[in-house]
Amino acid sequence: MLYSGMWTGDTMTNAYELIINILTAIGVYDTIFGVFKSYGMEFVLKLIIVLVTLAVLFGFVLVTVMFLTWMERKVAAMVQSRYGPMVTGPRGLLQPVMDGIKLIGKEDIVPAKADRFVFNLAPYLAFVPAILVFVPLPFGESLIISDLRVGLLYIIAISALSPISILLAGWASNNKYTLLAAMRAVAQDISYTLPLALTAIAVVMLTGSLSTVDIVNAQSGTWFGIIPKWFIFLQPLAFILFLIASIAEMGRIPFDFQESESELIAGFFTEYSGMKFAMYFLAEYAHLFAVSGILVTIFLGGWNGPVLPGIPVVITSLVYFILKTYAVVFFAMWLRDTVPRIRIDQLLNIGWKIMIPLALLNLIVTGFLITAGVMR
Amino acid sequence: MVPNEIFDNYLPVALLTIIGFVFVGISLFMSRMVRPSNKTDEKLSTYECAEAPIGDARIHFNIQYYMVVLVFLIFDVVILFLYPWAVRFKDIGALGFFEMLIFIEVMIIGLAYAWRKEALEWLQ
């Protein structure tokens, strides 16, 4: 009985069905489907449509990452009262493109003492989980690649894969700095996965579903017509813990032990150059956006927002989601430029001795309030 | 219809995994076409702030967090048990809550024990 809960929840429309709806609205879907059916290849059509949705997602992620690298520099510049990149393109917007071109042309160095196979494998393992996290992320009403019924668990599981690539990269480089950085990063990642997972449980208790779409739908509507029904108001402690833990998961200042530029050169990817370095860069910023998106989905109402008459919900919801996510991203960047790095033993102490007990307390209090009927 | 639905839901995951690997492969291959390759002994040596590297990085050293990882493993499994409970929480009512409270209680005692035994300290 307990386990069958994993399989409940309605099948919502996703990007795949959205495309079919659009094609049907234009009036070409039946013709296309007929052509494929006459060859007995309906599956191929399905595959093509899924690939189109994935291509859109992939393009979106790449453009977002490029924009985020530009934004990171601009925010840092704003904080430090300077301009940041200004030369390439309007206000330096084309700077990421130039960076990409530069990185493609850079020589690829594999240190003589490194483990070649593992060294080359690590960038793949860094990039693939970073992009996989986006599958159950609801960008807007029915703008989701696949509404997995275990969506939240899937997200936590996939983000927990990142220490593997860090450890592989750090060990394979055969460099003391990378090894130290990798060891620290793993200690940090495992310490902060627990509060992340524990605070997410409190939200799951409220929604009764692990599906991200169900979580967003549970946050629609308002109290007294003013306050939106976001879980940040029901679970303020969980929100703060999740925010801290997710910043630690992203490995950003004040928890950037996988990089710590001033101590460990560039952390675990010190020995990487050229495109392999670029892969780590892509993965890092894709992860930043994904984790911010997850935070928005769980606590800030996802794509919920006031419905505007005359504009399709698909578009308004996408705009709300993007706006909220960029607000969280901006917060993370702002933090990076204003807060010093903490010490590694402080990091573990905060994780194990403050955040986990608080997360457990939050869990118990939430359970008690729901059982007593105060919170629902 | 559940197996079919699982297939539909996880097809994008499988495809995206392949696309991700292919994308990285293609970018690395493209860069191999364009980039220069002028390797010297100094360039290929391990980077240690321009000094000649002293010794090997693969030596025995205290990784500090061995105990932390053990505690983490136990907690992670326990948390996994909490997920199905949380999904069904509103249906199982007060009895389910108090049963799980005992479970969480054990978890808290475990954490307190690890804390008391200084398993969570960074410097061992």
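Residues numbered from 1 in each chain as written. Chains lettered and ligands numbered in written order. Predicted model: local features only at pLDDT ≥ 70, side-chain atom pairs only at ≥ 80, totals over all residues. Heavy atoms only, no water.

### With respect to the overall build of chain A
Selection rule: What counts as a helix is a DSSP run of H or I of at least four residues, what counts as a strand is a run of E of at least two, and both are numbered from the N terminus. The atom set for the radius of gyration is the C-alpha atoms, and the globule formula is 2.2 Å times the number of residues raised to the power 0.38. We call a residue buried when its accessible area falls under 20% of the maximum for its residue type, exposed when it is over 50%, and partly exposed in between, using a 1.4 Å probe and counting protein chains only.
Within chain A, the secondary structure is distributed over 15 helices and two strands. Relative to the globule expectation of 21 Å for 376 residues, the C-alpha radius of gyration of chain A, 22 Å, shows essentially globular dimensions. Summarising its shape, the C-alpha atoms of chain A cover approximately 60 × 55 × 45 Å along the three principal directions. With 376 residues in all, chain A has 57% of them scored as buried.

### Looking at the overall build of chain B
The condition is simple: Contact definition: two residues touch when any of their heavy atoms are within 4.5 Å. The method behind every accessible area is Shrake-Rupley, applied with a 1.4 Å probe, and residues are considered shielded solely by the protein chains displayed. Charge convention: Lys and Arg are scored as positive, Asp and Glu as negative, and His as well as the terminal groups of each chain are ignored. By convention, charge coordinates are those of NZ in Lys, CZ in Arg, CG in Asp, or CD in Glu.
When helices and strands are tallied, chain B shows four helices and zero strands. For chain B, the N- to C-terminal ordering of α and β elements is α-α-α-α. Here the C-alpha radius of gyration of chain B, 25 Å, is well above what a compact globule of 124 residues would show, namely 14 Å. In terms of principal-axis extent, the alpha carbons of chain B reach across some 70 × 50 × 15 Å. Long-range contacts, defined as pairs at least 24 residues apart, comprise 50% of the intrachain contacts of chain B with a sequence gap of at least 6. Within the structure as shown, chain B displays about 7900 Å² of accessible surface, and the carbon and sulfur contribution to it stands at 68%. Averaging the locations of the 9 positively and 13 negatively charged side chains of chain B gives two centres separated by 6 Å.

### Some details on the pattern of salt bridges
Residues and elements named next belong to chain A. Our working rule: Salt bridges are defined as contacts in which a side-chain nitrogen from Lys or Arg sits within 4 Å of a carboxyl oxygen from Asp or Glu.
According to the stated counting rule, one finds six salt bridges over all chains in the structure shown. Across the pair Arg336 and Glu72 runs a salt bridge, and its minimum N-O distance is 3.3 Å. Of this pair, Arg336 sits in helix α14 (residues 313–338) while Glu72 sits in helix α3 (residues 42–79); the two residues are 264 residues apart in sequence, bridging distant segments of the chain. Note on Arg336: relative accessible area 25%, which makes it partly exposed. A relative accessible area of 8% means that Glu72 is categorised as buried.

### A look at the interface of chain A and chain B
The test is simple: A quick way to say it: buried area is the sum, across both parts, of accessible area lost when two parts are put together, with a 1.4 Å probe. Each residue is assigned to one of three groups, with Ala, Val, Leu, Ile, Met, Phe, Trp, Tyr, Cys and Pro labelled nonpolar, Asp, Glu, Lys and Arg labelled charged, and all others, Gly among them, labelled polar.
Contact residues are listed per partner, giving 91 residues for chain A and 73 residues for chain B. Of the roughly 7700 Å² buried at the junction of chain A and chain B (both faces included), carbon and sulfur atoms supply 76%. For the pair chain A and chain B, the interface holds one salt bridge. Here B:Arg35 and A:Asp108 are joined by a salt bridge, their closest N and O atoms 4.0 Å apart. Only α3, α5 (116–132), α6 (151–159), α7 (162–172), α8 (176–207), α13 (274–299) and α15 (344–372) of chain A provide two or more residues apiece to the side of chain A that touches chain B. In terms of residues, the side of chain A that touches chain B owes the most to one element, α8(A), which gives 17 residues. Along the lines of polarity and charge, the residues of the side of chain A that touches chain B split into 62 nonpolar, 15 polar and 14 charged.

### Looking at the packing of aromatic side chains
Residue and element names in this part refer to chain A. Where we set the bar: For this analysis, a ring pair means two rings from Phe, Tyr or Trp (six-membered ring only for Trp) whose centres lie within 6.5 Å, classed as stacked if their planes differ by under 30 degrees, edge-to-face if by over 60, and tilted for the remaining angles.
Counted according to the given criterion, the structure contains 26 aromatic pairs over all chains. Considering the side-chain rings of Phe67 and Trp70, the 5.3 Å spacing of their centres and the 35° angle between planes classify their relative orientation as tilted. Of this pair, Phe67 and Trp70 are both found in helix α3, three residues apart, which corresponds to roughly one turn of the helix. We classify Trp70 as buried; its relative accessible area is 14%. Relative accessible area serves as the criterion here: at 32%, Phe67 is assigned to the partly exposed category. A network of ring pairs unites the aromatic residues Phe60, Phe67, Trp70, Phe134, Phe139, Phe289, Phe321 and Tyr326 as a single cluster.

### Notes on the environment of A:Gly274
Residue and element names in this part refer to chain A. Mapped onto the elements of the fold, Gly274 is located in helix α13. For Gly274, a relative accessible area of 4% translates into the label buried. Sequence spacing of Gly274 and Ile322 is 48 residues, and the spatial spacing of their C-alpha atoms is 31 Å. Every residue in contact with Gly274, bar those within four places of it in the chain, is listed here: Leu103, Lys106 and Glu107.

### Some remarks on the confidence of the model for chain A
Detailed conclusions should not be drawn from predicted coordinates in areas where pLDDT is low. So the rule is basically this: Confidence of the predictor at the level of single residues is captured by pLDDT, which takes values from 0 to 100.
Summarising the model, chain A shows a mean pLDDT of 83, and 95% of its residues fall at 70 or more. A low-confidence stretch, residues 1–12 of chain A (pLDDT under 50), is modelled with 28 contacts involving residues beyond four sequence positions or located in other chains.

### Notes on the nonpolar core
Threshold: Take the buried Ala, Val, Leu, Ile, Met, Phe, Trp, Tyr and Cys residues and link them wherever side-chain atoms come within 4.5 Å; each set so joined is a nonpolar core.
If you look at the biggest cluster of nonpolar residues, it comprises 148 residues, and the most contacted ones within it are A:Leu68, A:Phe134, A:Leu198, A:Ile201, A:Phe299, A:Trp352 and B:Tyr83. The residues touching A:Leu198, leaving out its near neighbours within four places in the chain, are A:Ile356, A:Ala359, A:Leu360, A:Leu363, B:Ile79, B:Leu82 and B:Met107. The next biggest cluster of nonpolar side chains, apart from the first, holds five residues, and it includes A:Ile20, A:Tyr29, A:Phe36 and A:Leu45.

### Considerations on the packing of helix α1 (residues 15–26) of chain A against α3(A)
Residues and elements named next belong to chain A. Rules: To define axes, lines are fitted to C-alpha atoms, for helices over the stretch in contact only, and angles between the resulting N-to-C directions are given on a 0 to 180 degree scale. An angle counts as roughly parallel when it lies under 35 degrees, as roughly antiparallel when it exceeds 145, as roughly perpendicular when it falls between 65 and 115, and as oblique in every other case.
The geometry of α1 relative to α3 is characterised by a closest axis approach of 9 Å and an angle of 110° between their N-to-C directions. The angle between α1 and α3 places the two elements in the roughly perpendicular class. The segment α1 lies against α3, with Ala15, Tyr16, Ile19 and Ile20 engaging Lys46, Ile49, Val50, Val52 and Thr53.

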